[in-house]
Amino acid sequence: MSSAEEIARGAKAAFEKSQLVPASERINALHVIRQELEAHKAEILAANVEDLKAAQVEVEAGKMDNAMLSRLNLDKGDKWDSMLQGISDVAALPEPTGKVSYARELDDGLELYRVSCPIGVLLVIFEARPEVVVNIATLAIKSGNAAILKGGKESNRTTLLLSKAISAGLAKTSLPSTYIQTIQTRAEVSSLLDMDRYIDLVIPRGSNSLVKNIQNNTRIPVMGHADGICSVYIDESANVDKAVRVVVDSKTDYPSACNAAETLILHESVVTTIWPKVAEALLAANVKLLCDAPSLAALQSSSVSAPASASIAPSTDADYSTEHLSLTIAVKTLPSLQAAMEWINAHSSHHTDSIVTESDEAAHIFTRGVDSAGTFVNASTRFADGFRYGFGTEVGISTGRIHARGPVGLEGLVTYKYMMKSKGAKGHIASEFGAGKKAYKHAPIEASSVPF
Ligand SMILES: NC(=O)C1=CN([C@@H]2O[C@H](COP(=O)(O)OP(=O)(O)OC[C@H]3O[C@@H](n4cnc5c(N)ncnc54)[C@H](OP(=O)(O)O)[C@@H]3O)[C@@H](O)[C@H]2O)C=CC1
Ligand SMILES: N[C@@H](CCC(=O)OP(=O)(O)O)C(=O)O
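What you are looking at is a predicted structure, and each value in this text was computed from that prediction instead of being measured.

1. A closer look at the layout of surface pockets
Logical step 1: One number sums up the size of the second largest pocket: a volume of about 360 Å³.
Logical step 2: In terms of lining, the second largest pocket is formed by 22 residues, of which the most central are Val-211, Gln-215, Gly-224, Thr-399 and Gly-400.
Logical step 3: Looking at which element gives the most residues to the lining of the second largest pocket, the answer is helix α9 (residues 208-215), with four residues.
Logical step 4: Here the lining of the second largest pocket is composed, by residue class, of nine nonpolar, 10 polar and three charged.

Dropping the structure here:
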């Protein structure tokens, strides 16, 4: 048996065994894992420093962009504490499995229930953002899924120790040791993509090319979490202060994130009024502006100029379908809200797009006419995140449509099954129902859980 088959079979066996483990034990596992992480913080962060040093060499050699360093750094800002808090927050969330969404009495003593349950075995591939291995393991355990996880190669040292802490925590519970497994190479991913007998869902979280490559190389269902070509549209009835705040935050809060704005669309009526003020704020935040002719001309005829740390340049067509993942934004001027929506639907990655407007009608039209996982009004695209949505943490941000879309929390990791029970003295058989025979009752049953 190949190591990939051993990993996949081990995950499936762990999932099947975990189905009879009470939810309380899964919650206990989360608390124990948090304790293990806290106990091994120093060595984990030391490994992260080694990953960062290796990445810095790549950046200096021009083989890696700076955006990777902030993504890779587990000690940056409140990342470590947020990672741990996410475990506790998810542990405290309502139990996502065993919930009844449909219940009918088909006949006297014949009851049918539709009940939420885990998907099964997940294979999740994600970028070099170390905390993600903990985020996803947490959601998988809470929702009763087994998981096989692979982070970006740049974070291997950190991911390995995080995974060891997770395994050490699991070993102190009745959950199987193969419930959460990690792999580190693309070759292992490739082998696992053949294991549709054991793996129930692949979640590639990364570039478009990653998602397409996975989709093209497996029979396993795929939930793609692809790139974020997000935009902000400044409508003709926008408030200038809101426009400045929303655009600057969407671009500069975390430029390497998939939910950072990459395109700014201007209604032509604001190009000499609001746009110069927005441009001034972006330039002050060291943003490179790639402008179409009208937005460029407006700046040239205004007093706005670029400091040494920023720049203003003509845009190219390619700039509007590029995920810059840096302090760069492409600027486009269009004649109407309709034109802006058509532009977004044609050029975005259908991730998250925002309108700045004081018109309720424009807001209504934009939030329905833009075909994206998130359509916001007067709010930064950076809100597109599982923690900020109140999910505790996230698997990622699904740019697909089936089953889960946008930031994916527990609801994206459960499906359902049907449970039926006959209380009849002779049981129930289908052939006694139908034309000329007994009719079905289909009487609703009020139930939040299955009574057997
Ligand atoms: N929608 C979302 O939730 C998110 C989307 N992203 C997107 O990810 C991108 C940035 O991350 P980046 O690391 O550059 O993305 P990549 O797609 O290059 O890498 C992400 C992960 O996929 C793996 N991978 C990439 N190509 C393949 C392949 N052909 N076969 C198997 N595995 C593969 C990488 O492995 P290896 O380590 O070997 O390179 C890594 O583990 C941006 O586009 C960003 O928008 C990022 C985070 C969240
Ligand atoms: N949803 C997360 C970021 C997800 C994401 O894009 O990750 P990455 O591309 O690794 O920065 C956040 O808003 O911080």
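Right, picking up where we left off after that structure.
2. Considerations on the site of ligand 1
Logical step 1: The immediate surroundings of ligand 1 are formed by 23 residues, with Phe-126, Lys-153, Ser-207, Glu-323 and Ile-397 found nearest.
Logical step 2: Here an oxygen atom of ligand 1 and a side-chain polar atom of Lys-150 are 2.9 Å apart.
Logical step 3: Within the backbone of Gly-206, one N or O atom sits 3.4 Å away from an oxygen atom of ligand 1.
Logical step 4: Within the complex, the protein chains bury 86% of what would otherwise be the 900 Å² of accessible surface of ligand 1.
Logical step 5: For the shell around ligand 1, the elements supplying multiple residues, two or more each, are α9 and β14 (396-398).
Logical step 6: Across the shell around ligand 1, the residue classes break down as seven nonpolar, eight polar and eight charged.

3. Brief notes about the site of ligand 2
Logical step 1: Near ligand 2 you find 14 residues, and of these Arg-71, Glu-127, Arg-129, Cys-258 and Glu-394 are the closest.
Logical step 2: Between ligand 2 and Glu-127, the relevant distance is 2.6 Å, taken from an oxygen atom to a side-chain nitrogen or oxygen of the residue.
Logical step 3: Within the contact set of ligand 2, an oxygen atom lies 2.7 Å away from a side-chain nitrogen or oxygen of Arg-382.
Logical step 4: In isolation ligand 2 exposes 370 Å². Once the protein is present, 92% of that is buried.
Logical step 5: Residue composition of the shell around ligand 2, by class: four nonpolar, two polar and eight charged.

4. A look at the nonpolar core
Logical step 1: Among the nonpolar cores identified, the biggest contains 64 residues, and Leu-37, Ile-180 and Leu-192 are the most heavily contacted of them.
Logical step 2: When residues in this core are grouped by element, the largest group, eight residues, is from helix α6 (residues 131-143).
Logical step 3: Among all residues touching Leu-37, those that are not within four sequence positions of it are Ile-44, Trp-80, Met-83, Leu-84, Ile-87, Val-134, Leu-162 and Ala-165.
Logical step 4: Residues Cys-291, Leu-299, Ile-329 and Val-331 belong to the second largest nonpolar core, which totals 29 residues.

5. Observations regarding the sheet that holds strand β3 (residues 121-125)
Logical step 1: Taken in spatial order, the four strands of this open sheet run β5-β4-β3-β6, and their pairing is parallel. Strands with a single pairing partner mark the edges of an open sheet, and in this sheet they are β5 (180-182) and β6 (201-204). Neighbour-to-neighbour, the strand axes of the sheet open up by a mean angle of 15 degrees, direction not taken into account.
Logical step 2: Judged from the three bridges that link them, strand β4 (residues 146-150) and β5 form a sheet pairing that is parallel.

6. Looking at the pattern of salt bridges
Logical step 1: All told, the structure shown has 22 salt bridges when counted by the stated rule.
Logical step 2: Here Asp-200 makes a salt bridge to Lys-12, at a shortest N to O gap of 3.0 Å. Residue Asp-200 is located in the loop between α8 (186-192) and β6, and its partner Lys-12 is located in helix α1 (residues 3-18); the two are separated by 188 residues in the primary sequence.
Logical step 3: As a salt-bridge pair, Arg-205 and Glu-127 come within 2.8 Å of each other at their nearest N and O atoms.

Analysis parameters
- Residues numbered from 1 in each chain as written.
- Chains lettered and ligands numbered in written order.
- Predicted model: local features only at pLDDT ≥ 70, side-chain atom pairs only at ≥ 80, totals over all residues.
- Heavy atoms only, no water.
- 1 Å grid on protein atoms, 1.4 Å probe; cavity = no way out; pocket = protein on both sides within 12 Å on 5 of 7 lines; lining within 4 Å.
- Points joined across faces, edges and corners; volume = space filled by probe spheres on them.
- Helix = DSSP H or I, 4+ residues; strand = E, 2+ residues; numbered from the N terminus.
- Nonpolar A, V, L, I, M, F, W, Y, C, P; charged D, E, K, R; others polar.
- Near = heavy atom within 4 Å.
- Polar contact = N/O pair within 3.5 Å; in protein donor to acceptor, adjacent residues only side chain to side chain.
- Areas by Shrake-Rupley, 256 points an atom, 1.4 Å probe, with all protein chains shown as cover.
- Core = buried A, V, L, I, M, F, W, Y, C linked by side-chain atoms within 4.5 Å.
- Buried < 20%, exposed > 50% of the residue type's maximum accessible area, 1.4 Å probe, protein only.
- Contact = heavy atoms within 4.5 Å.
- Pairing = 2+ DSSP bridges.
- Axes fitted to C-alpha atoms, helices over the stretch in contact; angles between N-to-C directions.
- Salt bridge = Lys/Arg side-chain N within 4 Å of Asp/Glu carboxyl O.

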